[in-house]
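Here is how the chains run, residue by residue.
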Amino acid sequence: MIQQLKMVKMSTKLIPLSIPNICGNEWKYIKDCLDTGWISSVGGYVNKFEEAIQKYTGAKYAIACVNGTAGLQVSLNLAGVTNNDIVIVPNLTFVASLNAISYTGAQSVLIDVCKSSWQIDTNLIQKWLENNTSTIIVDGKPITTENLTKKKVSAIMPVYVLGGFINVKELLDISTTYGIPLVEDSTEALGSFIKEKHAGTFGDAGCFSFYPT
């Protein structure tokens, strides 16, 4: 068994997901953080980072979180998603999207994606809402609940897989008609835009990630 493990180890060639490229002023900035003690949560570089992302994307605000999952959970909380609510999400996604929904105590409803784009199919969202929910107007605002469980449909979370995103207008129309906030999982879509408007800036909130992929 030991000999077999050695052979496997010798014959395995690893293909790295991402190779760090530390050059330019990176070492200087890292040393500055260490020397000044600002190595976690806050500090001048966090402020600069938030300002840079805000300026680049044209977002009204930019807040740094520990990771994309945390950003999605915070966005869902701010959108009003609470325990036993429903969040619509595509069935082609990363586990972080579903984890963020689970952390709020809400339930995920998975909607299929378009074959041509791998993005959530807005026609299927519309059909699911028409066939499974009811909408009432309260204080001039629509509120949508699932017929069977009476759970409130509190958010739609499109996931822009591999940087692609389409049908934003249709998503916004559905969001407005049914009173369902739009939280954009733009973690893979930093730098993607339509007519100079960036992914993550169309809905109520959008999240980016800086994972190597």
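I will try to describe carefully the structure that is included in this document. Residue numbers run consecutively from 1 along every chain, following the written order of its sequence. Given that the model is predicted, a residue must reach a pLDDT of at least 70 before its local features are reported, and side-chain atom pairs must reach 80 or more before they are shown or counted; all residues, however, enter totals for whole chains, interfaces and linings. The side-chain figures draw on all heavy atoms in the structure; neither hydrogens nor water molecules are used.

1. Section: the packing of aromatic side chains
For any pair of aromatic rings, the description rests on two quantities: the centre-to-centre distance and the angle between the ring planes. Ring pairs shown here join Phe, Tyr and Trp side chains whose ring centres sit within 6.5 Å, with only the six-membered ring taken for Trp; geometry is labelled stacked below 30 degrees between planes, edge-to-face above 60, and tilted in between. Applying the stated criterion across every chain, the model contains four aromatic pairs. With centroids separated by 5.6 Å and ring planes inclined at 50°, the aromatic side chains of Tyr 29 and Tyr 45 adopt a geometry described as tilted. One end of the pair, Tyr 29, is in helix α2 (residues 26–36); the other, Tyr 45, is in helix α3 (residues 44–57), with 16 residues separating them in the sequence. Put simply, the rings of Tyr 160, Phe 165 and Phe 202 touch in pairs and so form one group of aromatic residues. The criterion for a charge sitting over a ring is simple: Lys NZ or Arg CZ within 6 Å of the ring centre, and within 35 degrees of the ring normal. When the ring centre of Phe 202 is taken as reference, the NZ or CZ atom of Lys 197 above it lies at 5.2 Å. For the purposes of this entry, the term helix denotes a DSSP run of H or I that reaches at least four residues, the term strand denotes a run of E that reaches at least two, and both are numbered from the N terminus.

2. Focus: unusual backbone geometry
The backbone of Asn 84 shows a phi angle near 75°, a positive value even though the residue is not glycine. Inspection of the secondary structure puts Asn 84 in the loop between α4 (68–78) and β1 (86–90). What makes Asn 84 partly exposed here is its relative accessible area of 43%. Backbone geometry places Lys 195, a non-glycine residue, at a positive phi of 50°. To sort residues, take the accessible area from a 1.4 Å probe on protein chains only and compare it with the maximum for the residue type: under 20% means buried, over 50% means exposed, and anything in between is partly exposed.

3. Topic: helix α6 (residues 122–132)
Those residues of α6 that sit buried are Thr 122, Ile 125, Trp 128 and Leu 129. Buried positions in α6, seen along its axis, are confined to an arc of 120° and lie on one side of it. Turned more than 90 degrees away from the buried face of α6 sit Asn 123, Glu 130 and Asn 131, all of them exposed. Between two residues, a contact is recorded if the distance between any of their heavy atoms is within 4.5 Å. Against the buried residues of α6 lie β1, β2 (107–111), β3 (133–138), β4 (141–146), β5 (153–156) and α7 (168–178). Here α6 starts with a cap whose side-chain oxygen sits 2.9 Å from the backbone nitrogen of Asn 123, and that cap is Asp 121. In this context, the arc is that of the directions from the helix axis out to the C-beta atoms. By the criterion applied in these results, polar contacts are pairs of N or O atoms within 3.5 Å in which, for protein atoms, one can donate a hydrogen and the other can accept it, and in which residues neighboring in sequence qualify only through two side-chain atoms.

4. A short note on the environment of Leu 76
Note that Leu 76 resides in helix α4. Expressed as a C-alpha distance, the spacing of Leu 76 and Val 183, which sit 107 residues apart in the sequence, is 7.0 Å.

5. What to know about a nonpolar patch on the surface
Candidates for patches are residues over 30% relative accessible area with no salt bridge; among them, like charges are joined within 9 Å and nonpolar side chains (Val, Leu, Ile, Met, Phe, Trp, Tyr) within 5 Å. Throughout, the Shrake-Rupley method with a 1.4 Å probe supplies accessible areas, and for residues the shown protein chains are the sole cover considered. The term salt bridge refers to a pairing of a side-chain nitrogen on Lys or Arg with a carboxyl oxygen on Asp or Glu at a separation within 4 Å. On the surface, a cluster of nonpolar side chains totalling about 560 Å² of accessible area is made up of Ile 22, Trp 27, Ile 30, Leu 34 and Ile 39. Mapped onto the elements of the fold, Ile 22 is located in the loop between α1 (2–11) and α2. The exposure class assigned to Ile 22 is partly exposed, which follows from its relative accessible area of 42%.

6. Quick notes on α3
Its 14 residues give α3 an end-to-end C-alpha distance of 20 Å, which sits within 8% of 20 Å, the value for a rise of 1.5 Å per residue. Buried within α3 are the following residues: Glu 50, Ile 53 and Thr 57. Each buried residue of α3 lies within a common arc of 65° when the element is viewed along its axis, so the set occupies one face. Counted as exposed and oriented over 90 degrees from the buried face of α3: Lys 48, Glu 51 and Lys 55. Contact partners of the buried residues in α3: β8 (197–198). Once α3 finishes, Gly 58 follows within two positions and takes phi at roughly 80°, a positive value. One less than the number of residues in a helix, times 1.5 Å, gives the span that helix is expected to have.

Everything listed here is a matter of coordinates, which is why it stays silent on function.
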